[in-house]
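Listed below, chain by chain, are the residues.
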Amino acid sequence: MRICVFCGSSAGRLPAYRAAAIAFGELLAREGIGLVYGGAHAGLMGLLADSVLAHGGEVVGVIPESLVAREIAHKGLTQLHVVSSMHERKAQMAALSDAFVALPGGIGTLEELFEVWTWGQLGLHDKPCALLNVAGFYDKLSAFLDFVTGEGFVRQAVRDVLLVDDDAARLLVQIRQQAASVPPPSA
């Protein structure tokens, strides 16, 4: 199994964000789960990748040429795919992954999560999507999503698909359960 993780290219204000990225990387490696991510060495992205690698795990980065040129590509990954655009990056990350998790991050993190969650709603994939709610980072977003659902703009079944937990190990259990509940493709 490989999990695509979306997270900040900065480390954020709270030390809890950095600690969570490092701990999640260790957990992924310990569980034998490969990491797919945006390929940078900066911020939470770099901390997460370094942690997976330090604990013997697989890390696959996908980065656009324009960001490699700015010298932010992580040079020590298991694999680094250099692509031509952000659109190609997201498509490749999705194709390489069995599930998606967002750690704290900014608008890019949110955009990536919402895109893959929308793809699931549209039936383009049936892979779990989740938020690791570090230090209450996603509390207000979760409340807003509940509000949007209550207002009739998101079906409850779609809202329920987005897993949210503040405990990484519990979140992995939920991801595995949701992935196992998906029927295999017909031959």
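Everything in this summary refers to the structure shown in the same document. (Residues numbered from 1 in each chain as written. Predicted model: local features only at pLDDT ≥ 70, side-chain atom pairs only at ≥ 80, totals over all residues. Heavy atoms only, no water.)

A full pass over the atoms with the stated rule returns 5 aromatic pairs. Between F137 and Y138, the aromatic rings sit 4.8 Å apart at their centres with planes inclined by 90°, giving edge-to-face as the arrangement. Since its relative accessible area comes to 31%, F137 is described here as partly exposed. Judged by relative accessible area, Y138 falls into the buried class, the value being 1%. For the ring pair F144 and F147, a centre distance of 6.4 Å and an interplane angle of 35° mean the geometry is tilted. Of this pair, F144 and F147 both sit in helix α6 (residues 139–150), 3 residues apart, which is roughly one turn of the helix. A residue is classified by how much of its surface remains accessible, and F144, at 46% relative accessible area, is partly exposed. Taken together, the ring pairs in this structure connect Y17, F137 and Y138 into an aromatic cluster. (Phe/Tyr/Trp six-rings, centres within 6.5 Å; stacked < 30°, edge-to-face > 60°. Buried < 20%, exposed > 50% of the residue type's maximum accessible area, 1.4 Å probe, protein only. Helix = DSSP H or I, 4+ residues; strand = E, 2+ residues; numbered from the N terminus.)

Moving on: the side chain of H74. Following the sequence through the fold, H74 ends up in the loop between α3 (65–69) and β4 (79–83). Looking at H74, the relative accessible area reads 10%, which means it is buried. There is a polar contact of 3.0 Å between the side chain of H74 and the backbone nitrogen of G76. Apart from the residues lying within four places of it in its own chain, the contact partners of H74 are Y37, G39, A40, H41, A49, D50, L53 and L80. (Polar contact = N/O pair within 3.5 Å; in protein donor to acceptor, adjacent residues only side chain to side chain. Contact = heavy atoms within 4.5 Å.)

Over its 15 residues, helix α5 (residues 107–121) runs 21 Å from end to end, which matches the ideal 21 Å to within 8%, given 1.5 Å per residue. Every buried residue of α5 is accounted for by T109, E112, L113, V116 and W117. An end-on view of α5 places all buried positions within 125° of arc, on one side of the element. (Expected span 1.5 Å × (residues − 1). Arc of directions from axis to C-beta.)

Here the focus is the environment of I3. Looking at the element boundaries, I3 is found in strand β1 (residues 2–6). Here the alpha-carbon distance between I3 and L172, two residues 169 residues apart in the chain, equals 9.7 Å.

Before going further, it helps to spend a moment on the packing of helix α1 (residues 15–30) against helix α2 (residues 43–54). It is at 7 Å that the axes of α1 and α2 come closest, and there the two elements cross at 30°. As for the relative orientation of α1 and α2, their crossing is right-handed in sense. Where α1 approaches α2, its residues Y17, R18, A21, I22, F24, G25, E26, L28 and A29 are matched on the opposing element by L44, L47, L48, S51 and V52. When the residues that make up the contact of α1 with α2 are grouped by side-chain class, the tally is 10 nonpolar, 2 polar and 2 charged. (Axes fitted to C-alpha atoms, helices over the stretch in contact; angles between N-to-C directions. Left-handed = near helix turned anticlockwise from the far one by under 90°. Nonpolar A, V, L, I, M, F, W, Y, C, P; charged D, E, K, R; others polar.)

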